[in-house]
Protein chains: 2
Amino acid sequence: MNVPTTTQLKTMSIPELKELAHFLREQIISVVKINGGHLASNLGVVELTIALHYVFDTPYDKLIFDVGHQCYAHKLLTGRADNFIKLRMADGISGFPKQSESEFDTFDTGHAGTAISLASGLMRARNLNCENYNIISLVGDGSFRTGQTQEALNDLGTISGNHILLLNDNNMTISKSAGAISFNDELLKNLFNSLNINYVGSVDGHDLEALISCFTKIKNENKQFAIRILTEKGKGYKEAEECPDKFHAVARVSDGEISGDYAAAFGEKLTELAAEDSKIVAVSAAMTDSVGLRNFSNEFPYRMFDVGICEPHAISMAVGLANGGMKPYVSIYSSFLQRSFDQILNDICLTSQNVTIAVDHSGFVDGDGETHQGFYDISFLSLMPNMTIVAPRCTEELKRVLEWSVNFNAPLAIRYPKAIVKTCNSKCKLTRKFDNIENEDTIFGQWSEKSPEEDFIILTTGALCFSLAKEVKRIFAEKGINIAVQNALFVKPIDENYLLKLDGKSVITIEDNVEKGGFGSMVADFFEKKCLHTKHFSISIDNPVLKQGSLNELIEISGFTPNAIVRKIENFFNRE
Amino acid sequence: MNVPTTTQLKTMSIPELKELAHFLREQIISVVKINGGHLASNLGVVELTIALHYVFDTPYDKLIFDVGHQCYAHKLLTGRADNFIKLRMADGISGFPKQSESEFDTFDTGHAGTAISLASGLMRARNLNCENYNIISLVGDGSFRTGQTQEALNDLGTISGNHILLLNDNNMTISKSAGAISFNDELLKNLFNSLNINYVGSVDGHDLEALISCFTKIKNENKQFAIRILTEKGKGYKEAEECPDKFHAVARVSDGEISGDYAAAFGEKLTELAAEDSKIVAVSAAMTDSVGLRNFSNEFPYRMFDVGICEPHAISMAVGLANGGMKPYVSIYSSFLQRSFDQILNDICLTSQNVTIAVDHSGFVDGDGETHQGFYDISFLSLMPNMTIVAPRCTEELKRVLEWSVNFNAPLAIRYPKAIVKTCNSKCKLTRKFDNIENEDTIFGQWSEKSPEEDFIILTTGALCFSLAKEVKRIFAEKGINIAVQNALFVKPIDENYLLKLDGKSVITIEDNVEKGGFGSMVADFFEKKCLHTKHFSISIDNPVLKQGSLNELIEISGFTPNAIVRKIENFFNRE
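Residues numbered from 1 in each chain as written. Chains lettered and ligands numbered in written order. Predicted model: local features only at pLDDT ≥ 70, side-chain atom pairs only at ≥ 80, totals over all residues.

Enquirer: So what's going on with the overall build of chain A? Residues and values would help.
Expert: The helix and strand tally for chain A stands at 23 helices and 18 strands. The C-alpha atoms of chain A give a radius of gyration of 25 Å, which matches the 25 Å a tight globule of 576 residues would have. Over its C-alpha atoms, taken along the principal directions, chain A stretches across nearly 75 × 50 × 45 Å. Counting only residues that meet the buried cut, chain A has 62% of its 576 residues in that class. Long-range pairs, those at least 24 residues apart, make up 80% of the contacts in chain A with a sequence separation of at least 6. (Helix = DSSP H or I, 4+ residues; strand = E, 2+ residues; numbered from the N terminus. Rg over C-alpha atoms; globule rule 2.2 N^0.38 Å. Buried ≥ 20, exposed ≤ 12 C-beta atoms within 10 Å, placed from the backbone. Contact = placed C-beta atoms within 7 Å.)

Next comes the structure, spelled out in C-alpha cells:
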C-alpha cells in the first residue's frame with residue numbers, strides 16, 4: 001500500500017486506518033532491523049500518531065515529540081516514506097524530528113524532557129500573536145519524571161489557551177521506569193487539577209476509534225488538557241513486546257565493521273572490582289543495560305542505583321554516596337552528561353569529591369545524529385577545577401585504568417567511545433590489545449616515560465583516535481616516514497614532562513572532540529607558554545553539528561579516515 | 001548573651017530558647033546590615049534551626065541545607081558566633097555551608113535543588129554501612145519547584161530508612177514563587193503518599209514548642225517523613241517582613257567603592273527597545289528584580305516570564321518563544337546558567353535559534369563565594385557551535401550592543417559583571433563612559449578597525465578587565481611605557497583581522513574567566529595556528545575555587561589589582 005498524505009488520511013475509514021497502522025509497523029520493523037534505531041518506542045505510538053494527524057491540522061497545528069525517538073510513524077505520514085529506507089543514514093533521514101527535514105517537525109529534539117518547555121514558549125508566542133493553533137506535546141512517562149518536565153509543568157499551568165499534553169504511559173523508560181511514582185488516574189487527576197489543567201483520563205493508545213473520538217472532542221478548545229495514553233512498547237512485534245528494553249534501540253545489521261564493546265568492558269571490570277571492594281557502588285541514569293551494568297546490577301542489586309532520566313540528580317546523589325563513605329561510579333553517555341554540568345562543577349569538583357564518572361559514548365555516536373554526538377566532554381570537563389580526565393586507548397587499558405581508579409580519591413572522568421572502527425581498509429585489522437599493555441602501569445599524569453625518537457609524533461586521545469593513528473603510522477611507514485604514536489591517557493593533566501621533550505619536533509594531535517577547549521588546545525597553550533619550537537597541527541571535530549550516519553560514514557564526513565588524516569598532515573607540513 | 005553550644009542548647013527551657021531566637025535575629029540583622037548577605041531567608045528559619053539542634057544530635061545526625069543561604073542561625077549555633085562578624089568576608093566565614101568550616105556542615109551547597117539528591121546518596125551509604133543516623137533536608141518552596149528536586153523526590157521514595165524532609169514554605173522564591181502550583185496540605189499529602197513518604201502536615205515554623213514536639217516524635221524512627229514548615233520570610237525585622245524580596249539579599253554597606261549597575265542598564269535599555277518592538281520578550285529564572293527587569297515587567301507584564309528557579313526550562317521555553325516569532329532575552333547569572341548547558345547547546349545552538357542570553361554576574365561575584373563566581377561562561381559558551389559572545393566594556397556599550405542585538409538573529413550571549421571596581425586607588429576614578437563611545441558602531445566580530453601603534457597591547461574581555469587595564473596603562477605611562485588597551489567586544493568570534501596586525505608585538509590578554517577554554521586560550525591558539533611572532537601573556541583566573549569576600553578582596557586575592565597586573569606583566573617580559 002502507499003502511505004497517504006495527511007490530507008488523504010483524513011478521508012480514510014477506521015478499517016483503512018487499521019490497515020495503515022499494520023503497514024506502518026511493517027515498514028518500521030523492516031527498516032529498523034537493517035538500519036538500527038529505536039524500535040519498541042516507535043511501535044508503541046503508531047495508532048496514536050495516525051489519530052493525531054487524522055484529527056489535527058498539522059503542520060498548522062503543532063506536534064511536539066519529547067525526545068523524538070518515537071517519530072517514525074510521523075515521518076512516514078509526513079512525506080518521508082520514500083526516504084524511510086535510509087533512516088539514520090548519512091544520505092537519508094534522521095531518527096529524530098528535524099525542522100530542516102519537514103515543516104511537520106515543530107522542533108529538533110533528542111534529549112528527554114524539553115517538550116513541555118518548548119510548548120510553553122510556543123503557546124506564549126501564539127497567544128501574543130493572537131493566533132489559535134493547537135499545540136500537542138507527546139511525552140513518555142520516563143521523560144515525565146525528568147526534572148525539566150516538572151519545571152515546565154509548574155509554568156505550563158500559568159499559561160492560557162490550548163495545549164494538549166499526551167502522557168504516553170508504557171511504564172518503561174528504556175529499562176523499567178525508575179522511582180517511587182507509578183502513575184494512576186487518581187494521582188494524575190490530582191496533579192493536573194493542581195496545575196489548572198483538565199485531566200481527561202486514560203485512553204487505550206492502540207484503539208484508533210477511542211483516540212480519534214477523544215481528540216475530536218478537545219480540538220480547538222481554548223483550554224489545556226492532559227490525557228494519559230496507555231501504550232505497549234514494542235506493540236505488534238512479538239520479540240519487542242516481550243523484551244522492550246532490548247528493543248528500545250536496535251543496532252545496525254551491518255555494524256560488523258565496528259568493534260570494541262567499551263561498555264561491556266567497563267561493566268565486566270567494575271563487577272570484578274566490586275566483588276573485592278564492598279564500597280564500590282554504581283549509578284546509572286535510565287541506562288543500566290546500555291552502559292554495561294546489567295551484570296553488576298544482578299550481582300550487587302543493593303549497590304546499583306538506576307535513577308531514571310535524571311542526570312543532575314544522579315551526579316549529586318553520587319556525591320551523597322561518596323560522603324557516606326562509598327566509592328561511586330556514575331556511567332552516563334557523554335551527550336547526556338551535559339545535563340549535569342553544574343552538578344559536576346559544584347557538587348563534585350569545587351570540593352574535590354571522590355566520584356568517578358564513566359563517560360560512555362564519547363566522540364562519534366552513530367545513528368542518532370546531532371544531539372547524541374559526544375564531542376564536548378573533554379572541553380567542558382577539563383575546565384573544571386580538580387577534575388582528572390583519562391582516555392584509555394583500548395578496552396584492556398580501560399580495565400587497567402578502572403583498577404587504578406579504585407585508589408584514586410578525587411574527581412575522575414574516564415572517557416571511551418561507543419565503538420571504534422575495526423577495519424580501516426582491507427589491509428588493516430585493528431586489534432583490541434596493543435603492544436605490552438598488560439605490563440604497563442598507570443601513573444597519574446604520565447603518558448610515557450620514554451620520549452619518542454621519531455621527529456613526527458601523533459598524540460591521540462582515546463580508543464578511536466588511537467586506532468586511526470596506528471593506521472596513519474602504517475601508511476606513512478609505507479612512504480618511508482616514521483611517525484610515533486602516543487596516546488595521551490591523561491587528557492588532564494597533560495604530561496608536561498613528555499611534551500617538554502618534543503621541542504623542535506612536529507606534533508599532530510588528534511581528538512574526537514571540538515577544537516575549542518579540547519586536547520589540542522591544551523597542548524598548543526602549553527607549547528606557547530613554554531615557547532617551545534614545536535610545529536603543532538591539531539585535528540579535531542571541525543563541524544560538531546554532525547547529523548546521523550553509520551560510524552564509518554561519520555568518520556568519512558568528518559575527515560577522520562586514516563587516508564584523510566594522512567592528507568591533512570601532508571598538507572600542513574608541506575605548507576610550512 | 002553568649003551563644004550556647006549545641007550541647008548547652010539541649011538543656012535550655014522554652015523561654016530561654018525564645019530569648020536565644022531573639023538574640024540570634026539581632027546578630028543576623030546587625031551583621032548583614034553591614035556585611036551584606038541573605039537577610040529575609042535567614043530570619044525565617046531561626047526557630048526552626050534552634051529546634052533542629054535542640055532535638056537532633058548534630059553533627060552525628062546530618063542536617064542538609066538546600067541552597068544554603070539560610071544557614072546563619074546554624075552557623076551561630078555551631079561554633080561560629082565569634083567569627084560571625086566577618087560573615088562573607090575573605091578572612092571570615094562563608095554565607096553558605098562549608099565542610100571545611102565545620103563538621104556540622106554536611107555538604108557545601110550554593111545552587112538550588114541539590115539537598116534531596118545529596119540526602120538520597122547519603123541515606124544509601126548509611127544503609128549499606130548499617131549506620132542509623134537521622135538525615136534532615138531543609139528545602140525551600142522555591143527550590144522544591146526546581147527540576148532536580150523533583151527528580152530526587154521520585155528516587156527518594158524508593159529508599160528505606162530515616163529521612164526527614166522539611167519543606168520550608170514561605171511562598172516566596174526570591175520574588176513571589178512562580179508557577180501554577182501553590183502548596184496546601186491536601187496536595188502535599190497526596191504527593192508524599194504517592195512517594196511512600198509519611199506526610200506529617202504543617203507546623204508553624206516560629207512556634208518553638210510545636211517544632212520541638214514534632215521533631216521529637218519522629219526522631220530515630222526508621223522511616224521517611226515530610227513536614228511542611230510555615231515560615232515568614234524576614235520574620236522579626238519589620239522592613240524585611242514587608243518587602244522580603246528586597247531583603248532576600250542585602251548589599252554591603254561599604255560597597256561604595258564599586259560601581260556600574262549593569263543589570264539596571266540592561267533592564268533600562270531592554271524596556272526602551274521593547275516599547276519600539278512588540279516582539280521583544282524577557283525571561284528570568286526567579287530573578288526579575290536582581291537582573292534589572294522589574295520595570296520591564298511593570299511596563300510589559302504579558303511579555304515578561306519569570307519561571308522560578310528553573311534555568312533549564314527557561315532556556316528551552318525561550319526557544320519555544322523564538323519559534324513562535326518572538327525575540328526572547330533570557331537573563332540569568334553566569335553561575336546559574338551552568339544549569340542550562342545542555343539546553344543552550346541542543347535547543348539554541350545546534351539549530352542556531354534567535355535567542356539572546358544576558359549573562360549577568362559574570363566574572364567576580366562578591367560575598368557569595370565559590371559556587372557563585374562567574375568564571376566559566378566564556379569557556380562553556382564559546383565551545384558551542386553558532387554561539388556569539390560579546391562583552392561590553394561599560395554600561396553605555398552594553399546598551400549599544402543591546403540595540404544592535406535586536407537585528408542579530410542567531411544565538412547570542414552578552415556577558416557583564418555584577419559590578420566593577422570604581423576606584424582602583426586614590427589617584428584613579430574610573431568612569432562609566434569611555435572615549436567617544438556614542439560615536440562607535442557595533443560591527444559583528446570587530447574590535448576595532450584601527451591597529452594599535454604601540455608595541456604592547458592589552459586585550460581585555462568586558463567591563464571589569466577593561467577598567468583595570470585602563471589603570472594598568474596609566475601606571476605604565478608614568479614609567480614612560482606606552483600600552484594600548486583594546487576591549488575584545490566580540491569574545492567569539494575573535495577579531496582575526498585585528499590579531500593578524502599584532503605580528504611581532506607583545507600582547508597581554510586579561511579575562512575574569514578561567515584560562516582553560518577562555519579568551520586568552522583562543523588568542524593563543526590563533527597566534528599558534530597563524531605562526532605569528534607575537535609574545536603573548538595571558539592573565540586569567542588561576543584559582544577559580546575562590547571563596548567569599550568583597551569585590552576588592554577578591555580582586556586582591558586573585559592578583560587582579562592594577563598593581564599586581566603591572567608586576568605580572570613586568571615579570572613576564574623581563575623573563576624573556
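Enquirer: Describe the interface of chain A and chain B, with residues and values.
Expert: Contacts between chain A and chain B engage 83 residues on the former and 83 residues on the latter. Of all the secondary structure elements, the ones that give two or more residues to the side of chain A that touches chain B are helix 6 (115-128), helix 8 (147-156), helix 9 (185-194), helix 14 (311-323), helix 16 (341-349), helix 17 (377-382) and helix 21 (519-530) of chain A. A total of 10 residues in the side of chain A that touches chain B trace back to one element, the largest contributor, which is helix 6 of chain A. Grouping the constituent residues of the side of chain A that touches chain B by class yields 33 nonpolar, 36 polar and 14 charged. (Nonpolar A, V, L, I, M, F, W, Y, C, P; charged D, E, K, R; others polar.)

Enquirer: Before we move on, can you summarise the domain arrangement of chain A with the specific residues and values?
Expert: All names here are of chain A. Assigned domains within chain A: domain 1 (13-242), domain 2 (256-420) and domain 3 (445-575). For domain 1 versus domain 2, the separation of C-alpha centres amounts to 31 Å. Facing the 21 residues of domain 1 at the interface are 17 residues of domain 2. Classifying every residue of the side of domain 1 that touches domain 2 gives 4 nonpolar, 15 polar and 2 charged. (Domains from an automatic or database assignment.)

Enquirer: Explain the environment of A81 of chain B to me, using residue names and the numbers behind them.
Expert: Residue and element names in this part refer to chain B. Along the polypeptide, A81 turns up in the loop between helix 5 (72-77) and helix 6 (115-128). By C-beta crowding, A81 is classed as partly exposed, having 17 other C-beta atoms within 10 Å. Considering only alpha carbons, one finds A81 and L350, 269 residues apart in sequence, at a separation of 51 Å. The residues touching A81, leaving out its near neighbours within four places in the chain, are V3 and L76.

Enquirer: So what about unusual backbone geometry? Which residues, and what values?
Expert: Here the bond from T58 of chain B into P59 of chain B is cis, since omega is 5°, no more than 30 degrees from zero. Relative to the elements of secondary structure, P59 of chain B occurs in the loop between helix 4 (46-55) and strand 1 (62-65). Here the amide bond leading from K492 of chain B into P493 of chain B is cis, since omega sits at 0°, within 30 degrees of zero. Take P493 of chain B: it is sitting in the loop between strand 16 (490-492) and helix 20 (496-500). Of note, the phi angle at C531 of chain A is positive, near 50°, even though the residue is not glycine. Judged by the 10 C-beta atoms lying within 10 Å of it, C531 of chain A is exposed. Positioned with a positive phi, N220 of chain B is a non-glycine residue whose angle comes to about 65°.

Enquirer: I'd love a proper account of the sheet that holds strand 1 of chain B, names of residues and values included.
Expert: Residue and element names in this part refer to chain B. As summarised here, the arrangement of the 5 strands in space is 1-2-3-5-4, forming an open sheet in which the pairing is parallel. Bordering the open sheet on either side are strand 1 and strand 4 (198-204), each of which pairs with just one other strand. Neighbour-to-neighbour, the strand axes of the sheet open up by a mean angle of 20°, direction not taken into account. Packed onto the sheet, helix 6 meets strand 1, strand 2 (135-140) and strand 3 (163-169) and runs at close to 170° relative to strand 2. Packing of helix 10 (residues 208-218) onto the sheet brings it into contact with strand 3, strand 4 and strand 5 (224-230), and relative to strand 4 it is tilted by some 160°. (Pairing = 2+ DSSP bridges. Axes fitted to C-alpha atoms, helices over the stretch in contact; angles between N-to-C directions.)

Enquirer: Please give an account of the pairing of strand 3 (residues 163-169) of chain A that cites residues and values.
Expert: Residues and elements named next belong to chain A. In terms of burial, strand 3 is a largely internal element, 7 of the 7 residues being buried. Both faces of strand 3 are covered, namely the face carrying H163, L165, L167 and D169 and the face carrying I164, L166 and N168. In the sheet, strand 2 (residues 135-140) pairs with strand 3 via 5 bridges, with the strands oriented parallel. In the sheet register, I136 faces strand 3, and the bridge partner there is I164. Two elements, strand 3 and strand 5 (residues 224-230), share 7 bridges in a ladder whose sense is parallel. The partner of L165 across the bridge, within strand 5, is A226.

Enquirer: Kindly report on the pairing of strand 10 (residues 356-360) of chain A, identifying the contributing residues and their values.
Expert: On a regular strand, each side chain points to the face opposite its neighbour's, so the side chains alternate between the two faces of the sheet. All names here are of chain A. With 5 of its 5 residues buried, strand 10 lies for the most part within the structure. Of the strand pairs in this sheet, strand 9 (residues 327-333) and strand 10 are connected by 5 bridges, and their pairing is parallel. The residue of strand 10 that forms the bridge with S331 is A358. As paired strands, strand 10 and strand 12 (residues 412-415) are joined by 4 bridges and run parallel to one another. Following the sheet pairing, V359 is matched in strand 12 by R415.

Enquirer: Lay out the packing of helix 6 of chain B against helix 8 (residues 147-156) of chain B with the relevant residues and their values.
Expert: Residues and elements named next belong to chain B. The interhelical angle for the contact between helix 6 and helix 8, taken along N-to-C directions, is 30°, at an axis separation of 8 Å. Considering their axes alone, helix 6 and helix 8 lie roughly parallel with respect to each other. Judged by the sense of rotation from one axis to the other, the crossing of helix 6 with helix 8 is left-handed. Contacts from I116, S117 and S120 in helix 6 reach Q148, T149, A152, L153, D155 and L156 in helix 8. (Parallel < 35°, antiparallel > 145°, perpendicular 65-115°, else oblique. Left-handed = near helix turned anticlockwise from the far one by under 90°.)

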